Amino acid sequence: ADTSKPSRSRRSWDVVGTLVNIYGSKEVFVNEYRVMLADKLLLSGSYDTHKEVGNLEILKLRFGDQSLQACDIMLKDVLDSKRVNTNVQQLLN
């Protein structure tokens, strides 16, 4: 492997650090991320959360599980909604 090129995870880590600096604090960044994730999930017409789960896992490595618990709950709620919707649709058909 070419070690002269940064890995995708390392680049993501650097971007997160830059964003935290822009927002001024970890708490402000995490709150803005939570709001952005909520908007994205509400506006999405699908239940595909694969990309959001991956992004959240990267952020949890940096900030810890506790800081991002509300985001975990939102993603779990979307998956639960998908399951319920699938079951209701099966009952109606």
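First things first, this report covers the structure right here in the doc.

What counts and how
Position numbers for residues start from 1 in each chain and track the written sequence from start to end. Reporting of local features is limited, given that this is a predicted model, to residues whose pLDDT is at least 70; pairs of side-chain atoms are given and counted only at 80 or more, and all residues count toward the totals for whole chains, interfaces and linings. Side-chain numbers here rest on the full set of heavy atoms in the structure, without hydrogens or water. The axes are straight lines fitted to the C-alpha atoms, using for helices just the contacting stretch, and the angles between their N-to-C directions are given from 0 to 180°. Helix and strand assignments follow DSSP, with helices taken as H or I runs no shorter than four residues and strands as E runs no shorter than two, numbered in order from the N terminus. Should an angle fall under 35 degrees it is taken as roughly parallel, and over 145 as roughly antiparallel, whereas 65 to 115 is taken as roughly perpendicular and any remaining angle as oblique. Handedness of each helix crossing follows the sense of rotation of the near helix against the far helix: counterclockwise by less than a right angle gives left-handed, clockwise gives right-handed. Residue contacts are counted whenever heavy atoms from the two residues lie within 4.5 Å of one another. Amino acids are sorted into nonpolar (Ala, Val, Leu, Ile, Met, Phe, Trp, Tyr, Cys and Pro), charged (Asp, Glu, Lys and Arg) and polar (every other residue, Gly among them). To define a nonpolar core, start from buried Ala, Val, Leu, Ile, Met, Phe, Trp, Tyr and Cys residues and group those joined through side-chain atoms within 4.5 Å. Remark: exposure states derive from per-residue accessible area (1.4 Å probe, protein chains only) relative to the maximum for the residue type, with buried under 20%, exposed over 50%, and partly exposed in between. For salt bridges, the criterion is a side-chain nitrogen of Lys or Arg within 4 Å of an Asp or Glu carboxyl oxygen.

1. Considering the packing of helix α2 (residues 26-43) against helix α3 (residues 50-63)
Here's step 1: Closest axis-to-axis distance for the α2/α3 pair is 13 Å, and the angle between their directions is 170°. In terms of their interaxial angle, α2 and α3 are classed as roughly antiparallel. By crossing handedness, the relation of α2 to α3 is classed as left-handed. Taking contact as the criterion, the partners of Lys26, Phe29, Val30, Tyr33, Leu37 and Lys40 in α2 are, on α3, Glu52, Asn55, Leu56, Leu59 and Phe63.
Here's step 2: Among the residues forming the contact of α2 with α3, the class breakdown is seven nonpolar, one polar and three charged.

2. Quick word on the nonpolar core
Here's step 1: Phe29, Tyr33, Leu37, Leu59, Phe63, Leu68 and Cys71 are the most contacted members of the largest nonpolar core, which totals 15 residues.
Here's step 2: When contributions to this core are tallied by element, the ones reaching two or more residues are α1 (8-23), α2, α3 and α4 (69-92).
Here's step 3: Here the element with the most residues in this core is α2; it accounts for five residues.
Here's step 4: For Tyr33, the contacting residues outside a window of four places in its chain are Glu52, Asn55, Leu56, Leu59, Leu68 and Cys71.

3. Side note on the pattern of salt bridges
Here's step 1: Scanning all chains against the criterion turns up six salt bridges.
Here's step 2: With a closest N to O distance of 3.0 Å, Lys40 and Glu52 form a salt bridge. Residue Lys40 is found in helix α2, and its partner Glu52 is found in helix α3; the two are separated by twelve residues along the sequence.
Here's step 3: The exposure class of Lys40 is partly exposed, given its relative accessible area of 37%.
Here's step 4: Between Asp80 and Arg83 there is a salt bridge, and its shortest N-O distance comes to 4.0 Å. Of this pair, Asp80 and Arg83 both sit in helix α4, three residues apart, which is roughly one turn of the helix.

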